[in-house]
Structures are given as C-alpha cells and as structure tokens.
Amino acid sequence: MASLGVNIDHIANVRQARRAVEPDPVSYALLAELGGADGITVHLREDRRHIQDRDVELLRQTVRSRLNLEMAATAEMEAIALHIRPDMVTLVPEKRQEVTTEGGLDVAGQQPALSALVGALQDAGIGVSLFVDAEASQLEACRATGARWVELHTGAYAEASWSLQPAELARLTEGSFIARSLGLRVNAGHGLTYQNVEPIAAIEGMEELNIGHTIVARALAVGLEEAVRQMKALIQNPRRDPLFGSRQL
Ligand SMILES: CC(=O)[C@@H](O)[C@H](O)COP(=O)(O)O
Ligand SMILES: NCC(=O)COP(=O)(O)O
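What you are looking at is a predicted structure, and each value in this text was computed from that prediction instead of being measured.

**Here's the deal with the site of ligand 2**
Phase 1 of the analysis: What surrounds ligand 2 is the set Asn 7, Thr 41, Glu 151, Gly 189, His 190, Gly 191, Leu 192, Asn 210, Ile 211, Gly 212 and His 213.
Phase 2 of the analysis: Across the shell around ligand 2, the residue classes tally to 2 nonpolar, 8 polar and 1 charged.

This is the structure:
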C-alpha cells in the first residue's frame, strides 16, 4: 500500500503572493500530519518563489512524520541539505522560467556529478531519491549513482488526454518494474489528483506518492486535514480499473 507525502509548496505560494506571514506552511504541515500524511514534502526552489529557508529550518524541527526536501543538484542546495538533514532529499530538475517542474532529471547526462552528490548526502545519513521519467536508460543511470529511491514523474500521465492515459500508465508500470528489478525503491508524483491517482497507487511496489496542488486546492473547500484524509483513503484502497470516473469521497 502506497504512503502519502503531502507537498505544501502551494500553502507558501499564497503567503508569498503578499510577502506576508500567513498562511504559514509550518502550521499546515501539522494539519497534514493530523489528516494522515506519512511525510511532508517541500521544494526549496533556487528563486525561493514559495518555500523559504526559514520554513525548511522550522519544518525540520516540527515534522514528526518524514521530511522530504526537493531541490536542484547545486552546491548551494547541497550545503543546505547537509545543514538541515531532512529524512530524504529528492533531486529534481529546475528552470527559473517554468511554472512547475516540466520533466524528469537527466541523470544519464550528468551521472558522475550526481553520483558525487548522492554519495555526500547518503554519507550524511540522508536518503536520496531521483525524480526521473520512467525510461530504462534513466533508471539504469539512477542505479549507477548509488541512490536507493526514484520518484517516477507522473506529469505526462496527469496531462494526457483520456484516450492516451492508459499508455502513460503502462509506461509508469513498466518503469516501476524496471526500477525494482534494478534494486531501486519506487515513489511517484507530480500532477496527481483525486480523479487520476488510483491507478498509480495500484502499481505494484509503489511506496510513496507525493501530492500537493490538488490537496491544497481541495483544502480551500474542506480544510487541509480533511483533504489529506480523503486522498489517503483513495491511495490506500485504489481501484485498479484504469477507466476513470471520479469516486467521490
Ligand atoms: C518535482 C516535482 O514534481 C514537483 O512537485 C515540484 O516540487 C513542483 O514544484 P512547484 O511546487 O514549484 O510546482
Ligand atoms: N514531487 C511531486 C510533488 O511533490 C507534488 O506535485 P504536485 O502534486 O503539486 O503536482
């Protein structure tokens, strides 16, 4: 059964829209945990558009589940991670102009540098996951870096038209199989919603789903604790049938 990492970047987005002090993502992490979050995920972007350094410092002190720090593979972020020591670092690609993450990390194209970074983080006792597209060559490169986890990028699946979604689901299912055959542990995330999450949660060996935007959106209507509870109910008992149709909770 997959666990749920709740990404709270979009709580910080609301705060940063006014450069104000509320809503504070640190308080909302607690509500997410009360709703059943198995982990809290934040993406400390180089441009600091939402999560701030102060948030990560405080979350390290207050999160009682697991703290997953998404970050670019840069020297600045490496120093922050080694200082904060989150439970997990997920290395992600980053572009200053993007609205959100646009694809997986090109691990195959920068394997020596990533291997050194993975080694430094793991030597400090931090778990490392690589956010990648479900492609055999990328997964093999992930294995070669020494990382223990991958997070399969579900963005293409989430954006696919209804008729193309089964093919994207098959690609992710095969990616999970290949990754596990290589000895990697498998997480997934990006763009997952209450409507499309179940087939991904049902993929064999799926350990954790990191989900943010849709949960924060629903929280506006029902509160964060309840929004997390509803998502967790879906991923703990997912329908395997890839023909969607929303199951209302
Ligand atoms: C790496 C990934 O999939 C993302 O969820 C990423 O954290 C999104 O960043 P934003 O929250 O800035 O859209
Ligand atoms: N890594 C994916 C993540 O943390 C959440 O992505 P999203 O649900 O906000 O698209």
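**A word on the site of ligand 1**
Phase 1 of the analysis: All residues adjacent to ligand 1 are Asn 7, Asp 9, His 43, Arg 45, Glu 70, Val 92, Thr 100, Thr 101, Phe 131, Gly 189, His 190 and Gly 212.
Phase 2 of the analysis: For the shell around ligand 1, the per-class residue count stands at 2 nonpolar, 7 polar and 3 charged.

**Re the UniProt feature "site: Transition state stabilizer" (unreviewed entry) in the chain**
Phase 1 of the analysis: As recorded in UniProt, the feature "site: Transition state stabilizer" (unreviewed entry) lies at Glu 151.
Phase 2 of the analysis: Take Glu 151: there are 29 C-beta atoms within 10 Å of it, and that puts it in the buried class.

**Here we look at the pairing of strand E7 (residues 185-189)**
Every regular strand shows the same layout, with side chains that alternate between the two sheet faces.
Phase 1 of the analysis: Within E7, 4 of the 5 residues are buried, which leaves it mostly tucked inside the rest of the structure.
Phase 2 of the analysis: Sheet topology note: the strand E6 (residues 149-153)/E7 ladder contains 5 bridges and is parallel. Opposite Trp 149, over in E7, you have Arg 185 as the bridge partner.
Phase 3 of the analysis: Examined bridge by bridge, E7 and strand E8 (residues 206-211) share 4 bridges and lie parallel to one another. By the bridge assignment, Asn 187 is partnered in E8 with Glu 208.

**Comments concerning helix H3 (residues 53-62)**
Phase 1 of the analysis: Buried residues of H3: Asp 55, Val 56 and Leu 59, and no others. When H3 is viewed along its axis, its buried side chains cluster within an angular range of 95° and face the same direction. In this structure, H3 carries Asp 53, Arg 54 and Gln 61 as exposed residues pointing more than 90 degrees from its buried face.
Phase 2 of the analysis: Close packing links the buried residues of H3 with helix H1 (9-18), helix H2 (25-34), strand E2 (39-43), strand E3 (67-71) and helix H4 (75-84).

**Notes on unusual backbone geometry**
Phase 1 of the analysis: Following Glu 22, the chain continues to Pro 23 via a peptide bond in cis, the omega torsion being -5°.
Phase 2 of the analysis: In this structure, Pro 23 sits in the loop between H1 and H2.
Phase 3 of the analysis: Positioned with a positive phi, Arg 19 is a non-glycine residue whose angle comes to about 50°.
Phase 4 of the analysis: Looking at the element boundaries, Arg 19 is found in the loop between H1 and H2.
Phase 5 of the analysis: By C-beta crowding, Arg 19 is classed as exposed, having 6 other C-beta atoms within 10 Å.
Phase 6 of the analysis: Positive phi outside glycine occurs at Arg 48, with the angle close to 55°.
Phase 7 of the analysis: Position of Arg 48 relative to the elements: it lies in the loop between E2 and H3.
Phase 8 of the analysis: We classify Arg 48 as exposed; it has 12 C-beta atoms within 10 Å.

**Some remarks on the nonpolar core**
Phase 1 of the analysis: Ranked by size, the top nonpolar core spans 70 residues in total, and within it Ile 40, Leu 91, Val 150 and Leu 209 carry the most contacts.
Phase 2 of the analysis: The element that contributes the greatest number of residues to this core is helix H11 (residues 224-236), accounting for 6 residues.
Phase 3 of the analysis: If we ignore the near neighbours within four places in the chain, the residues touching Val 150 are Ser 129, Leu 130, Val 132, Leu 139, Cys 142, Ala 179, Leu 184 and Val 186.

**Things to note about the pairing of E6**
Phase 1 of the analysis: Summarising burial for E6: 5 of the 5 residues are buried, a large majority.
Phase 2 of the analysis: Where burial is concerned, the two faces of E6 agree: the one with Trp 149, Glu 151 and His 153 and the one with Val 150 and Leu 152 are both buried.
Phase 3 of the analysis: Looking at chain direction, strand E5 (residues 127-132) and E6 are connected through 4 bridges and run parallel. Bridging across to E6, Val 132 finds its partner in Leu 152.
Phase 4 of the analysis: In this region the chain leaves E5, passes through helix H6 (residues 136-145) and returns to the parallel neighbour E6; the handedness of that crossover is right-handed.

**Brief notes about the sheet that holds strand E1 (residues 3-7)**
Phase 1 of the analysis: Taken together, 8 strands build a closed barrel; the order of strands is E1-E2-E3-E4-E5-E6-E7-E8 and the barrel is parallel. Here the strands of the sheet are splayed against their neighbours by 25° on average, with no regard to which way each runs.

The rules we used
- Residues numbered from 1 in each chain as written.
- Chains lettered and ligands numbered in written order.
- Predicted model: local features only at pLDDT ≥ 70, side-chain atom pairs only at ≥ 80, totals over all residues.
- Near = placed C-beta within 6 Å.
- Nonpolar A, V, L, I, M, F, W, Y, C, P; charged D, E, K, R; others polar.
- UniProt positions renumbered as here; feature names shortened; annotations may be inferred.
- Buried ≥ 20, exposed ≤ 12 C-beta atoms within 10 Å, placed from the backbone.
- Helix = DSSP H or I, 4+ residues; strand = E, 2+ residues; numbered from the N terminus.
- Pairing = 2+ DSSP bridges.
- Arc of directions from axis to C-beta.
- Contact = placed C-beta atoms within 7 Å.
- Core = buried A, V, L, I, M, F, W, Y, C linked by C-beta atoms within 7 Å.
- Right-handed = clockwise from strand over helix to strand, strands pointing away.
- Axes fitted to C-alpha atoms, helices over the stretch in contact; angles between N-to-C directions.

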